[in-house]
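# A look at the structure
Listed below are the residues making up each chain.
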Amino acid sequence: MNRDAVREYVEQSDAVLDSSPQMDEANTKAAILQSHSGISFLELLNWEIPTNTQLEYSVEAFGQTYKVDYALILDGTPVAFLEAKGADTALTDDHEEQLSSYMMNRNVNYGILTNGKQYRFFQRRVDASNVNVQKVGDVALEDLPNRIRLLKAYTKGDIETGRSKDFFERISELREARQILKDNKENLAVKLSDVLAEEVSDNLTSLAETQSKEMIDRLVADIESEIDADGKKSEREITDSLDETPGKVEGSDVDGEYVIEIQGDNSTLVVLDGDNQSDVMADAVDYLIQNHDLISRIEPLPYVPGNKNALINDQPVHPDDERDMRTYRELTNGYYLFTSFNKRDKKRHIERLADKCNLAIESKGGW
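Residues numbered from 1 in each chain as written. Predicted model: local features only at pLDDT ≥ 70, side-chain atom pairs only at ≥ 80, totals over all residues. Heavy atoms only, no water.

Before going further, it helps to spend a moment on the overall build of the protein. Each helix and strand counted, the protein has 13 helices and 12 strands in total. For the protein, the spread of C-alpha atoms along the principal axes amounts to about 70 × 50 × 35 Å. Residues classed as buried in the protein amount to 47% of the 367 residues present. A separation threshold of at least 6 residues defines the contact pool for the protein, and within that pool the share at least 24 residues apart is 51%. Total accessible area on the protein is roughly 18300 Å²; 42% of this is exposed by carbon and sulfur atoms. In the protein, 42 side chains carry a positive charge and 71 a negative one; their mean positions are 3 Å apart. (Helix = DSSP H or I, 4+ residues; strand = E, 2+ residues; numbered from the N terminus. Buried < 20%, exposed > 50% of the residue type's maximum accessible area, 1.4 Å probe, protein only. Contact = heavy atoms within 4.5 Å. Areas by Shrake-Rupley, 256 points an atom, 1.4 Å probe, with all protein chains shown as cover. Lys, Arg positive; Asp, Glu negative; His and termini not counted. Charge placed at Lys NZ, Arg CZ, Asp CG, Glu CD.)

Spelled out as structure tokens, the structure:
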């Protein structure tokens, strides 16, 4: 999936809706969701009728048998439900409850509800004591090109490989962290200022507390930016940032919001891009490991550039008491990269690791 394909789908759907704004459900499905005259929504997500998509899939809900419009199937089991309404019908809470019931009944983890104009995305979450269906996105047709990463989570490839699960776990962790920071801002600021006072000087206490609060506010803002990375910029801003990216070498397909260009000897060695900061960071570090012998330049592992947390290790733990890395990416040859940083620190770490290989980076796009 790329932004151009999504734009094509939006333009095509806009034209259909302009000509027939009051289409009923059957015509909305035929003209928009499974159209043969252009790219359809199912094709956009790489699902195909009848290969891996079943129409009118039977489920039990509310004591009756109902038919889900589209069941997206892998290995004979539905992994996502797509429920459609007509363009003449506004989406309601009742429609959401209907889809949620279908998902809960068949243990389906992903769901989409749409009337061709509005697209609502759902995830079934399971934890130790609770199972529920959460709405993870509500996107108007014209905004779909700005939510590429969310759309990708519902593609056949991402669900099949587990990337969808990783994406939603990451978003869930970020939301939890954001709420903790907001709820405990005052106490955290006091604790941070106490540490600085103890380690540096008591005279810093008042100033440090104020600065700590501002730092927490910035961290919350960075978390919110990453949670909604696809939606924070307008389509024009995203397009401009990509069009202006230098180092887009011949034959490359730079389509992600975050772009890293690794340079050596006054030439571009590689251009890496993606819609997730942590993924691009991992790709850059993996490149340095595979092509520029990074590990030998930072050994012995774990590599700890600060006081406590390992940035790179040969197991997903930090050195003190072997605390688990809560957020990491697995790299080549069994190495692990800690990625729980804001985007400025991610970029800084990439720059420092590249420098150890006598290389430089140029960052573009959302960085």
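Having seen the structure, we can now continue with the description.
For the rest of this paragraph, the subject is the packing of aromatic side chains. The full count for this structure, using the stated rule, is 13 aromatic pairs. Summarising the aromatic geometry, the rings of Tyr 110 and Tyr 154 are spaced 5.9 Å apart at their centres and angled 80° between planes, so their arrangement reads as edge-to-face. Separated by 44 residues along the polypeptide, Tyr 110 in strand 4 (residues 110-114) and Tyr 154 in the loop between helix 5 (148-152) and helix 6 (156-161) bring together distant segments of the chain. The two residues Tyr 110 and Tyr 154 agree in class, both being buried. Between Phe 167 and Phe 168, the ring centres sit 5.1 Å apart and the planes meet at 65°, which makes this aromatic pair edge-to-face. Phe 168 matches Phe 167 in its accessibility class, with the two residues each being buried. (Phe/Tyr/Trp six-rings, centres within 6.5 Å; stacked < 30°, edge-to-face > 60°.)

Following both chains from N to C, one finds helix 1 (residues 3-19) and helix 2 (residues 25-33) inclined at 145°, their axes separated by 10 Å at the closest point. When the axes of helix 1 and helix 2 are compared, the crossing they make is right-handed. Between helix 1, through Tyr 9, Gln 12, Ser 13, Val 16 and Leu 17, and helix 2, the contact on the second element is made entirely by Ala 31, Ile 32 and Leu 33. Of the residues assigned to the contact of helix 1 with helix 2, the class counts are 6 nonpolar, 2 polar and no charged. (Axes fitted to C-alpha atoms, helices over the stretch in contact; angles between N-to-C directions. Left-handed = near helix turned anticlockwise from the far one by under 90°. Nonpolar A, V, L, I, M, F, W, Y, C, P; charged D, E, K, R; others polar.)

With that settled, consider the sheet that holds strand 12 (residues 360-365). Taking strand neighbours across the sheet as the criterion, the 3 strands line up as 8-7-12 in an open arrangement whose pairing is antiparallel. Strand pairing shows two members of the sheet lacking a second neighbour, strand 8 (267-274) and strand 12, which therefore form its edges. Across the sheet, the axes of successive neighbouring strands diverge by a mean angle of 20°, strand direction being ignored. One ladder, built from 6 bridges, connects strand 7 (residues 258-264) with strand 12; its direction is antiparallel. Paired with Glu 261 across the strands is Glu 362, a residue of strand 12. Contacting strand 7 and strand 8, helix 11 (residues 277-292) runs over the sheet at an angle of about 145° to strand 8. Sheet strands in contact with helix 13 (residues 343-356) are strand 7 and strand 12, and its direction is about 155° off that of strand 12. (Pairing = 2+ DSSP bridges.)

What follows deals with the nonpolar core. Of all hydrophobic cores here, the largest spans 47 residues; its most connected members are Tyr 9, Phe 41, Phe 121, Leu 144 and Tyr 154. At 6 residues, helix 1 tops the list of elements feeding residues into this core. In contact with Leu 144, other than residues within four places in its own chain, are Val 6, Tyr 9, Val 10, Tyr 119, Phe 121, Val 139 and Leu 151. In terms of nonpolar packing, the next biggest core, distinct from the first, is built from 34 residues, Leu 311, Tyr 336, Phe 338 and Ile 350 among them. (Core = buried A, V, L, I, M, F, W, Y, C linked by side-chain atoms within 4.5 Å.)

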